Amino acid sequence: TLGLAAIQIAGSKSGNLERVEREIATTAKRFPWVSMVVIGELAIHGPSLNFCEPEGGDTEIRLCALARHLGIWLIPGSLYVKRGDKVYNSTPVIGPDGAVVARYDKMFPFLPYETGVTPGERPVTFDVPGAGRFGVMICYDIWFPEVTRTLAAMGAEAILAPTMTNTIDRDVELSIARANAAINQAIMVDVNVGGEQGYGRSVFYGPGGELMHECGAGP
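Residues numbered from 1 in each chain as written. Predicted model: local features only at pLDDT ≥ 70, side-chain atom pairs only at ≥ 80, totals over all residues. Heavy atoms only, no water.

Now for the sheet that holds strand β10 (residues 158-162). If you walk across this open sheet you meet the 6 strands as β8-β9-β10-β11-β12-β13, and the pairing is mixed. At either margin of the open sheet sits one strand with a lone partner, and together these are β8 (124-128) and β13 (211-214). Between one strand axis and the next, the sheet turns through 15° on average, direction left out of account. Examined bridge by bridge, strand β9 (residues 132-136) and β10 share 3 bridges and lie parallel to one another. Across the sheet, the residue bridging to Phe-134 is Ala-158, located in β10. Sitting on the sheet, helix α4 (residues 170-184) touches β11 (187-191), β12 (203-205) and β13, and the angle it makes with β12 is about 25°. (Pairing = 2+ DSSP bridges. Helix = DSSP H or I, 4+ residues; strand = E, 2+ residues; numbered from the N terminus. Axes fitted to C-alpha atoms, helices over the stretch in contact; angles between N-to-C directions. Contact = heavy atoms within 4.5 Å.)

Here it is, written out as structure tokens:
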């Protein structure tokens, strides 16, 4: 078994790093059985490319230190990172020792809003010893069934989908997440942002498509 917390951050449009750190630390203290924390897409710095950092930059360093201090797996939403002359919407997977064990680059940037963001080229899974295999996708990726199907074919038993949705199709996304869970017989964790960034309604679906929990619009 593995205790997983999805935190629906209800933050400002940007500048949420300290809030995120505080929420993660509070969750780890309040629920000591939690060993993995996931937050929504771009929750920390928001959707502006102006906050792009070099891969492994200051924000990632702080997040790695936090994961190590708390001894948890941390999937901190996503960040815009620069690699060479390209920008990616990227999710680091940080282990309880503070090391980045995997990186996933969003394969389907949401155009035209993510103009200038380079699509990722490969699906990503990672293993948690004694628990199972996890897959990672980001927001709009969920609309492309081949992404989820590939992760399932790679052995993912649970799929983590950090999301930033502030459009009227959130209701449709919930149907897609549920269908993906049932079709691929995998747990689906679709964690959205709230506040000034998104409409919330984060969801856990079980491998039969059963709703385990749906959040409201707030934190």
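After that view, the rundown keeps rolling.
Looking now at the nonpolar core. Counting 27 residues, the largest nonpolar core has Ile-24, Val-37, Ile-39, Ile-44 and Leu-74 as its most contacted members. Secondary structure elements with two or more residues in this core: β1 (3-7), α1 (17-30), β2 (34-39), α2 (58-70), β5 (79-83) and β6 (86-94). The biggest single contributor to this core is α2, with 4 residues. Excluding residues that lie within four positions of it along the chain, Ile-24 makes contacts with Ile-7, Val-37, Leu-66, Leu-70, Ile-72 and Leu-74. With 20 residues, the next largest nonpolar core counts Tyr-104, Phe-134, Val-136 and Leu-160 among its residues. (Core = buried A, V, L, I, M, F, W, Y, C linked by side-chain atoms within 4.5 Å. Buried < 20%, exposed > 50% of the residue type's maximum accessible area, 1.4 Å probe, protein only.)

Its location among the elements puts Pro-123 in the loop between β7 (100-105) and β8. Each C-alpha atom of the pair Pro-123 and Met-107 lies 8.1 Å from the other, and the pair is 16 residues apart in sequence. For Pro-123, the contacting residues outside a window of four places in its chain are Tyr-104, Met-107, Thr-150, Leu-151 and Met-154.

Now for the packing of aromatic side chains. Both the distance between ring centres and the angle between the ring planes are used here to describe each pair of aromatic rings. With the rule as written, the count across this model stands at 8 aromatic pairs. Geometrically, the ring pair formed by Phe-126 and Phe-134 is stacked, given 5.5 Å between the ring centres and 15° between the ring planes. One exposure class covers both Phe-126 and Phe-134, and it is buried. Between Tyr-140 and Trp-143, the aromatic rings sit 6.3 Å apart at their centres with planes inclined by 50°, giving tilted as the arrangement. For Tyr-140, a relative accessible area of 25% translates into the label partly exposed. The rings of Phe-108, Phe-110, Tyr-113, Tyr-140, Trp-143 and Phe-144 are connected pair by pair, giving a single aromatic cluster. (Phe/Tyr/Trp six-rings, centres within 6.5 Å; stacked < 30°, edge-to-face > 60°.)

Treat this as a map of the structure, not an account of what it does.
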